[in-house]
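Chain and residue survey
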Amino acid sequence: MKSSTFNRLLSTLTHTGALIPFAWMLWDFFTHNYGPDPIREFTLRTGKTALVLLLLSLACTPINTLFKFRAALRLRRPLGLYSFMYASIHFAIFIGVDYFFNFSLIQDGLLEKRYAIVGLTTGLILLTLAVTSTKGAQRRLKKNWKKLHRLAYIAGILAVIHYIWLVKQGVTQPWYFAGVLILLLTLRVKPVKNWAGSRLKGV
Ligand code: HEM
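Cut-offs applied
- Residues numbered from 1 in each chain as written.
- Predicted model: local features only at pLDDT ≥ 70, side-chain atom pairs only at ≥ 80, totals over all residues.
- Helix = DSSP H or I, 4+ residues; strand = E, 2+ residues; numbered from the N terminus.
- Buried ≥ 20, exposed ≤ 12 C-beta atoms within 10 Å, placed from the backbone.
- Near = placed C-beta within 6 Å.
- Nonpolar A, V, L, I, M, F, W, Y, C, P; charged D, E, K, R; others polar.
- Axes fitted to C-alpha atoms, helices over the stretch in contact; angles between N-to-C directions.
- Parallel < 35°, antiparallel > 145°, perpendicular 65-115°, else oblique.
- Left-handed = near helix turned anticlockwise from the far one by under 90°.
- Contact = placed C-beta atoms within 7 Å.
- Core = buried A, V, L, I, M, F, W, Y, C linked by C-beta atoms within 7 Å.

**Considerations on the environment of N194**
Residue placement: N194 occurs in helix α10 (residues 190-199). Taking the number of C-beta atoms within 10 Å as the measure of exposure, N194 has 11 and is therefore exposed. Sequence separation between N194 and T65 is 129 residues; the distance between their C-alpha atoms is 8.7 Å.

Below, the structure is given as structure tokens:
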């Protein structure tokens, strides 16, 4: 297959895959298929999808380093932007539907709960990364662009902390996400990166 055809196919698959959870949510919303607490249900679904897409976006660089799969690098931006999209819907449900734009209640709700403060910080980082993800911003920020976009890892760490803090004790799922994130962060450490890259050279 020609490399331009392959890149187009990969890009189409990424966009389709990232939009499926949204289409599914719309379908469930309009068919009333959402259980007894729809606000919580859609908050959880959008939060989980934002986190998965953020981790997938963070996985692109290690995938290229390990498998010399350069096409993965092109997917970082769309995956990051889709993560931001789901995080925005997640936040909108929280302030618009759950708190009905009652800002004094929101303020209490945000400042009271540590997981919400961490979630908000993650959201603000994703917003900054989304706004500066354009070619123009890349040109203007020069070397600083790369440094700024390393914040994506901080966003990943904070999103996992947000998740760990909001679940009841004994719920193990956030720790699987923490494990994936630790693996991705470890693969960024130079000696590990070089070692893993050389081990996989012949693969
Ligand atoms: C913008 C500020 C944010 C606020 C105020 C917020 C608030 C919330 C709330 C209220 C819940 C549901 C708690 C419950 O009922 O059990 C939740 C769950 C969650 N949020 Fe956020 N969140 C924010 C940002 C984010 C971001 C940016 C991410 C990921 C990138 C994220 C990922 C999650 C995840 C993974 C869950 C749990 C999903 C599950 O249990 O299945 N949140 N968040």
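Read on for the rest.
**As for the site of the ligand**
Near the ligand there are 23 residues, and of these G47, A87, F91, G119 and G123 occur at the shortest range. At the level of elements, α2 (38-67), α3 (76-98), α5 (114-131) and α8 (151-166) are the ones that each hand at least two residues to the shell around the ligand. Residue classes in the shell around the ligand are distributed as 13 nonpolar, eight polar and two charged.

**A word on the packing of helix α1 (residues 3-30) against α3**
Running from N to C, α1 and α3 point in directions that differ by 15 degrees, and their axes come no closer than 10 Å. Taken together, the axes of α1 and α3 are roughly parallel relative to one another. Like other packed secondary-structure pairs, α1 and α3 cross with a definite hand, here right-handed. Side by side, α1 and α3 meet where T14, H15 and A18 of the first sit next to P78, L79 and Y82 of the second.

**Section: the nonpolar core**
Ranked by size, the top nonpolar core spans 29 residues in total, and within it L53, L54 and A159 carry the most contacts. At the level of secondary structure, the elements contributing two or more residues to this core comprise α2, α3, α5 and α8. Ranked by residue count, the leading element in this core is α3, at nine residues. If near-sequence neighbours (up to four positions away) are discounted, L53 is found in contact with A18, L79, Y82, S83 and Y86.

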